[in-house]
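Notes for the structure review
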Amino acid sequence: MQQEARTVVREYAEAVFRRARTPMEPLNYEVDWADQPSRHLSYPDAPRLPLPADGPTLPTLRDLFTGADRPPAGGWTLPALATLLRLSYGVLDRRLIVNWNQDLAKRTHFEHAVWGRGTASGGGMYPVEIFLVAGASAPLLPGVYHYHTGQHVLERLLLGDVAGTVRAAVGDAAGAADSFLVASIRFWKNSFKYNSFCYHVVTQDLGALLGSWDLLAQGLGVPLPRLLGFDPAPVDRLLGFDGERESAFAVVPLSWAGAEPAGATAPVGVTAPVGATAPAGATAPPETRVRYRAFERSRRLREFPAVAAVHRAAAAPAVPDPDALAAAAPGDLPGEPVALPAPLLDRLARPLSMVLATRSSSFGRFRRPPELTAAELGTTLAFATAGRHHPADAGLPADAPSLTRLWVFANHVDGLATGTYAYCPRRHALLPAAGEPAGGMSAFLQQQYFLTNYTMGQVGAVLAISGRLDAVLDAVGPRGYRLLNAEIGAVAQRTYCAATAQRIGCGAVLGFDNVAMDDALGLTGGDERTVLFLLLGHHPEDVADVVYRL
């Protein structure tokens, strides 16, 4: 059964890698924009708990990068949790930025406005939903809450201590926590646009969100272990999911500051005012489900066989082999390293809150001159690879190598010869790969990019994030696809943050011909594949942008 599921995952991933040459089913799919789902899932009938708008002061990216001492907070508080939610996935501003993106004209109208968020998302779809399962020691009534991204409130879906359901699903990895954040993925919020390509995109979206949470938790001085290998079925039942159209993908145990487990909970279904005392001894019965239904804007929800098949295959709980998983990390390349300038620490001296609030994708805004410099490139690479993104339930030590590698297509970088390189974080150096493609780098990149929203001649460098999917699947099982894509998304989010702090442009894209890009890096014939690409460069100083901060 496991072997059959791995085959399904491998075949889906191969179809994704080759989609530039062999389109994925369904062919000639047309997006029904008039019937798209709401960008902000809501439970209209549920009571709402406003969250604090102001939270703790966050350090700069430089402090996070250098490991500057920060007093531990001793656990989570409601203001700290509100900061985590708002800066990672809440709406922060309305943006109207002049660029070459195909849908720019309609974005000038309010009903099609772009609302900026701190975390990147493929196509701006934001398919991840966030739930809080609060236990007895939480600073709010025990129960299940949904984070409404558009209004920065918690919607209370159930009253009563059901944290034991989540604890049973994740096992010993929960530690002493009695509360949990649950990140689920609602496929239709992405598949209505990307159809069968959806699963590849949303699993990286999850990683980008977890990457933001890593940075915010570090800045807040609180632990944030990520659990990705658990059995989602009991959590799905608790949250009212069918497991096919929406499912839990990540669980984060929370320990509250200064809290002692009270052991008293409110009875299920009782609506009590915020701050009320729950009756002693009342607990939720097993297999309890949330009592409210989510609003669905779309009249017609389509399902895609490829998404359903790969989700069923990858949903099996993971039982990783830590030794094999550590061995799945890409190894060093031979060759003489090209040293990079030391990271520009002064360029990272911007508060994390400001970086997340101003992060955006570049689309067609890249312009030369000025050129991207080798120091800017090196700073971005160093920060992007500084984090450790292994889930806590993978069994890997803290110093285990990353499952991903960053490659560089150096196009127009001042201080670096045009060509292809692999980045070595240990030496902060570039290792030459296969050289410059025939016909020049700009022409090669433009030929391999099958969308129209970027001009590669204006891009300084293209970063490629790669991984050894087959080795990860062998070490973890089918769930390894989600684990690897989560790390890829987290690296991409850190890249965005490093670029934003330095005031250089960044844009994540999946629109390259992976086969040709792998060949240009010398990866053909091996088990390492490029998965996601990030463009770096400068924007013009004089731009016609409108940003309305909320």
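The rules behind the values
- Residues numbered from 1 in each chain as written.
- Predicted model: local features only at pLDDT ≥ 70, side-chain atom pairs only at ≥ 80, totals over all residues.
- Heavy atoms only, no water.
- Disulfide = S-S within 2.5 Å.
- Buried < 20%, exposed > 50% of the residue type's maximum accessible area, 1.4 Å probe, protein only.
- Helix = DSSP H or I, 4+ residues; strand = E, 2+ residues; numbered from the N terminus.
- Phe/Tyr/Trp six-rings, centres within 6.5 Å; stacked < 30°, edge-to-face > 60°.
- Lys NZ or Arg CZ within 6 Å of the ring centre and 35° of its normal.
- Contact = heavy atoms within 4.5 Å.
- Core = buried A, V, L, I, M, F, W, Y, C linked by side-chain atoms within 4.5 Å.
- Pairing = 2+ DSSP bridges.
- Salt bridge = Lys/Arg side-chain N within 4 Å of Asp/Glu carboxyl O.
- Expected span 1.5 Å × (residues − 1).
- Polar contact = N/O pair within 3.5 Å; in protein donor to acceptor, adjacent residues only side chain to side chain.
- Axes fitted to C-alpha atoms, helices over the stretch in contact; angles between N-to-C directions.

1. Observations concerning the state of the cysteines
Under the criterion given, the structure shown has 0 disulfides. C506 supplies the cysteine sulfur nearest to C497, a cysteine that is in no disulfide, at a spacing of 9.4 Å. C497 sits in the buried class, given a relative accessible area of 0%.

2. A short note on unusual backbone geometry
What is expected of a backbone is that most residues other than glycine have negative phi and most peptide bonds are trans. Each neighbour pair has its own omega, and for E25 with P26 the value is 0°, a cis peptide bond. Tracing the chain through its elements places P26 in the loop between α1 (2–17) and β1 (48–50). Here R368 and P369 are connected by a cis peptide whose omega angle stands at -10°. The topology assignment puts P369 in the loop between α11 (352–358) and β10 (372–373). Even without being a glycine, H152 presents a positive backbone phi close to 55°. With respect to the element layout, H152 can be found in the loop between β5 (143–148) and β6 (153–159). In this structure, H428 is a non-glycine residue whose phi angle is positive, near 45°.

3. Quick notes on the packing of aromatic side chains
Scanning the entire structure with this criterion turns up 18 aromatic pairs. Ring geometry for Y199 versus F249: centroids 6.1 Å apart, planes at 55°, classification tilted. Of the two residues, Y199 is situated in helix α7 (residues 198–220) and F249 in strand β8 (residues 246–254); the sequence distance between them amounts to 50 residues. You'll find Y199 and F249 in the same group, each marked buried. Taken together, a centroid distance of 6.4 Å and an interplanar angle of 15° make the contact between Y199 and Y481 stacked. One end of the pair, Y199, is in helix α7; the other, Y481, is in helix α15 (residues 480–501), with 282 residues separating them in the sequence. Per residue, the accessibility class of Y199 equals that of Y481, and both read buried. One aromatic cluster is present, built from ring pairs that chain together Y12, F187, Y199, F249 and Y481. Stacked on the ring of Y496, the Lys or Arg R359 has its end atom at 5.0 Å from the ring centre.

4. Some thoughts on the side chain of R186
Inspection of the secondary structure assignment puts R186 in strand β7 (residues 179–186). Of the residues examined, R186 reaches a relative accessible area of 15% and is grouped as buried. In this view, R186 contacts L41, P127, R245, E246, A294 and E296; residues no more than four positions away in its chain are not counted.

5. Topic: the nonpolar core
With 124 residues, the main nonpolar core has W76, L81, L132 and L377 as its most contacted residues. Aside from chain neighbours lying at most four places away, what touches L81 is W76, L132, L181, L254 and W256. Counting residues in each nonpolar core, the second largest holds 26 residues, with A46, F131, V170 and A248 among its members.

6. A closer look at the environment of E336
Mapped onto the fold, E336 is located in the loop between α10 (322–327) and β9 (338–339). Taking the C-alpha atoms as reference points, E336 and P432, 96 residues apart in sequence, are found 7.4 Å from one another.

7. Some details on the pairing of strand β11 (residues 404–410)
Along β11, 7 of the 7 residues are buried, which leaves the element largely enclosed by surrounding structure. The pairing of β11 with strand β15 (residues 461–467) spans 7 bridges and is antiparallel. Pairing of R405 across the sheet is with S466, part of β15. Looking at chain direction, β11 and strand β13 (residues 419–424) are connected through 4 bridges and run antiparallel. By the bridge assignment for β13, A410 is matched with G419.

8. Examining the pattern of salt bridges
With the rule as written, the count across this model stands at 21 salt bridges. We note a salt bridge from R312 to E244, for which the minimum N-O separation is 3.4 Å. You can see R312 sitting in helix α9 (residues 305–314) and its partner E244 sitting in the loop between α8 (233–239) and β8, a full 68 residues away along the chain. One salt-bridge network, held together by shared partners, links R6, R10, D470 and D474.

9. Details of helix α3 (residues 78–89)
Taking 1.5 Å as the rise per residue, α3 with 12 residues should run 16 Å; its terminal C-alpha atoms sit 16 Å apart, in good agreement. If you check the start of α3, you find a side-chain oxygen 3.2 Å away from the backbone N of A80, and it comes from T77.

10. A closer look at the sheet that holds β13
The antiparallel open sheet is built from 7 strands, whose spatial order is β9-β14-β13-β11-β15-β17-β16. At either end of the open sheet lies a strand with only one pairing partner, and these are β9 and β16 (505–509). Of the pairings in the sheet, the one linking β13 to strand β14 (residues 429–432) comprises 4 bridges and is antiparallel in character. If you follow Y421 over to β14, its bridge partner there is P432. Lying on the sheet, α15 is in contact with β11, β15, β16 and β17 (529–537); it crosses β17 at an angle near 10°. In the packing of helix α16 (residues 514–521) onto the sheet, the strands contacted are β11, β13 and β17, and the crossing angle to β17 comes to about 85°.

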